[in-house]
Protein chains: 2
Amino acid sequence: MAATIKDIAKKTGLGLATISSYLNGGNVREKNRIKIEEAIEELHFEVNEVARGLKTNKTKIIGIIIPELNNIFCAEIITEVEDQLRSQGYATMICDCRTDERREEEAVEFLLHRRVDGLIIMPSGRQGKYLNRFTKAGKPVVVIDRKLDGVDCDSVLVDNEGAARDAVGRLLKAGHRKIGMIAGPKDIYTAQERYRGYCLALKEAGIEPEARFAAWGDYTIEGGASAMKELVTRNSDMTAIFVSNYEMTMGAIIEINELGIRIPDELSFIGFDNVEFAKASIPKLSIVTQPTEEIARHVAALMLKRLEESGDTDGHQAVKLKTSFVEGKSV
Amino acid sequence: MAATIKDIAKKTGLGLATISSYLNGGNVREKNRIKIEEAIEELHFEVNEVARGLKTNKTKIIGIIIPELNNIFCAEIITEVEDQLRSQGYATMICDCRTDERREEEAVEFLLHRRVDGLIIMPSGRQGKYLNRFTKAGKPVVVIDRKLDGVDCDSVLVDNEGAARDAVGRLLKAGHRKIGMIAGPKDIYTAQERYRGYCLALKEAGIEPEARFAAWGDYTIEGGASAMKELVTRNSDMTAIFVSNYEMTMGAIIEINELGIRIPDELSFIGFDNVEFAKASIPKLSIVTQPTEEIARHVAALMLKRLEESGDTDGHQAVKLKTSFVEGKSV
């Protein structure tokens, strides 16, 4: 039989109110604190967070919805977010949606029934209407890496346009004029921003972006490989390429190896994310890197802040972070 | 105001028992089922899984404890496990322990208080005593990739000894005699098994394993890089190397690039896991691969089976799966 709060009261001779106050983090006299902790130890008393959740109407669980746990950018952020939230007593329920909007809606429903206190999401698409069921219930939503239409929430973004503009600017500075880009899915915010940055850099150099130099991948390794093949087949005059996420960078490199193209002699290359992979490549790749730890810290901090406010929000925040550039030998 | 089961009773004119039976998946007459579903739709009734959990003493949550979500082997397995469990109505709480045994114990405690129905764990160390708190409470534990002393649970393993023996056998067959190995942490089961396989293959070829040819990494990229450096510095006569996990494979390749060593001319190389990285390398790497999807399917199936049995277990299972080998151009 599991010990109950009544057993602790009996053991310590203290009132239920005092013990309840202790268990809920309230103020208790030092003398009583020691008594209670001894009794907890002795009776093997365990807090039932489920029962507590029902009483306080807080489960202390945060739902997390991501497109792919296998995506290294997601994994790095989620690892850190989970860590930060757990240190504050919050559990996380992570749902991987395999970049499928239908699964994402189901996950939202699933987490609603689980009565999570808040939701952290990196949406697969650009519609976020179904998130309003959370916000209407007064539960905070923090969106990572996307801007959603018509949802009342905080977001943590990266300056994707600036990152792409800077990367392509470096290729232009190195003398390239026929620069290709492997872009992400057209309906994803980050992909649009990165493509916009690419176009902007070209225009600033007096070059009109040509459709033949852009291939639309799907942020996967396979997508990166086939986009690479498409660009090379279509453009024999292309001398440089910018690839706009990590998985596609790996896929593009695989395809470049298959085709026997030499970097940087025949093709200059700038990739995205993952310093280790860039270092493991021959030659070392120049890449844009995103501040995953900083993103995670902002996401966790915003969520914790909103949970404390419990509804009384003074307008929503959109935090925008800067990327970095790691120089390799691929340009 | 959220609709309650009483509102549905009022709307449908049915008894609470009937509605409760429907909500808990019991048998209800077709006519009544339609009535109830219409009422649920109309009243925007939502099942409160938390309250239900308290009544049934089942939360339908499975705890998952892993050493590193950033580790691609972990991420691939967890993605699939989460998917399979969710399709059966189970949520997962994932705790990343950063390969720290103290954090792992805390996570076990944390999940106990959350009253999870079962635990899936890839332990960081080899002691699992604290897992007995789960098994004693009649809650199933499934261990991935480890054998633990004195814990009453199921496990899903890979034939690590056989995998290493086969890989080193290929190097021997190619004529190598001075073969190095980057092994994992000495206290981790998989690392011991892989090292044993390496020694076995050498002995079968009449070679006595020498301590100078083994470096003990820590399953990280940095660990792989420094172990590689150590081996090369110590053994100018080493002609081949076997690296025994993915992160260390990447680290070793980074260090090999730093040192300007040519594969396979100066050093033959067999790595571990991640087909994509092997393909993205120049030359393509030969690697041992683990069946992550199959592991995940077995883990989920065992957990679901034990949850159904609820305590009435007919002895525990240790599933052992075979690895594969992907031929590259690095030997």
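Residues numbered from 1 in each chain as written. Chains lettered and ligands numbered in written order. Predicted model: local features only at pLDDT ≥ 70, side-chain atom pairs only at ≥ 80, totals over all residues. Heavy atoms only, no water.

- Under an unreviewed UniProt entry, the name given to chain A is LacI family transcriptional regulator, and the source organism is Faecalicatena orotica.

### Observations concerning the relation of the copies chain A and chain B
Logical step 1: Placing chain A over chain B gives an RMSD of 0.2 Å and needs a rotation angle of 180°, together with 0.1 Å of translation along the axis. The two molecules are tied by a two-fold rotation axis, judged by turn and shift. When C-alpha positions in chain A are compared against the rotation axis, the closest is assigned to Met93(A), at 2.5 Å.
Logical step 2: A share of 100% of the interface residues of chain A reappears at the interface of chain B, consistent with the copies meeting face to face through the same patch. (Least-squares fit on C-alpha atoms with pLDDT ≥ 70 in both. Contact = heavy atoms within 4.5 Å.)

### Some remarks on the interface of chain A and chain B
Logical step 1: Counting residues at the interface gives 52 residues for chain A, matched by 52 residues for chain B.
Logical step 2: Interface area, chain A with chain B, both sides summed: about 4900 Å², of which 55% is carbon and sulfur.
Logical step 3: Applying the counting rule to chain A against chain B returns 8 salt bridges.
Logical step 4: The closest approach of N and O atoms between Arg98(B) and Asp83(A), which form a salt bridge, is 3.8 Å.
Logical step 5: At the boundary of chain A and chain B, one finds 23 residue pairs in polar contact (both at pLDDT 80 or more). (Buried area = accessible area lost by both parts, 1.4 Å probe. Salt bridge = Lys/Arg side-chain N within 4 Å of Asp/Glu carboxyl O. Polar contact = N/O pair within 3.5 Å; in protein donor to acceptor, adjacent residues only side chain to side chain.)

### As for the packing of helix H8 (residues 160-173) of chain A against helix H9 (residues 189-204) of chain A
Residues and elements named next belong to chain A.
Logical step 1: Taken N-terminus to C-terminus, the directions of H8 and H9 make an angle of 40°; their axes are 7 Å apart at the nearest point. Classified by the angle between their axes, H8 and H9 sit oblique to one another. Considering only the axes of H8 and H9, their crossing is right-handed. Mapping the contact onto sequence places Asn-160, Glu-161, Ala-164, Arg-165, Val-168, Gly-169 and Leu-172 in H8 and Thr-190, Glu-193, Arg-194, Arg-196, Gly-197, Tyr-198, Leu-200, Ala-201, Leu-202 and Glu-204 in H9.
Logical step 2: Of the residues belonging to the contact of H8 with H9, the class tally is 7 nonpolar, 4 polar and 6 charged. (Axes fitted to C-alpha atoms, helices over the stretch in contact; angles between N-to-C directions. Helix = DSSP H or I, 4+ residues; strand = E, 2+ residues; numbered from the N terminus. Parallel < 35°, antiparallel > 145°, perpendicular 65-115°, else oblique. Left-handed = near helix turned anticlockwise from the far one by under 90°. Nonpolar A, V, L, I, M, F, W, Y, C, P; charged D, E, K, R; others polar.)

### Overview of the packing of aromatic side chains
All names here are of chain B.
Logical step 1: If you walk through the whole model with that rule in mind, you get 9 aromatic pairs over all chains.
Logical step 2: Their ring planes at 50° and their centres at 6.2 Å tell us that Phe-242 and Phe-272 sit as a pair that is tilted. Of the two residues, Phe-242 sits in strand S8 (residues 240-243) while Phe-272 sits in strand S9 (residues 268-272), which places them 30 residues apart along the sequence.
Logical step 3: The exposure class assigned to Phe-242 is buried, which follows from its relative accessible area of 0%. (Phe/Tyr/Trp six-rings, centres within 6.5 Å; stacked < 30°, edge-to-face > 60°. Buried < 20%, exposed > 50% of the residue type's maximum accessible area, 1.4 Å probe, protein only.)

### Some points on the sheet that holds strand S12 (residues 324-326) of chain B
Residues and elements named next belong to chain B.
Logical step 1: With mixed pairing, the 6 strands of this open sheet are ordered in space as S7-S6-S8-S9-S10-S12. A single partner strand is all that each edge strand has here, and the edge strands are strand S7 (214-216) and S12. Between one strand axis and the next, the sheet turns by 15° as a mean value, whatever way the strands run.
Logical step 2: This element, helix H8 (residues 160-173), spans strand S6 (179-183), S8, S9, strand S10 (286-289) and S12 of the sheet and lies at about 165° to S8. (Pairing = 2+ DSSP bridges.)

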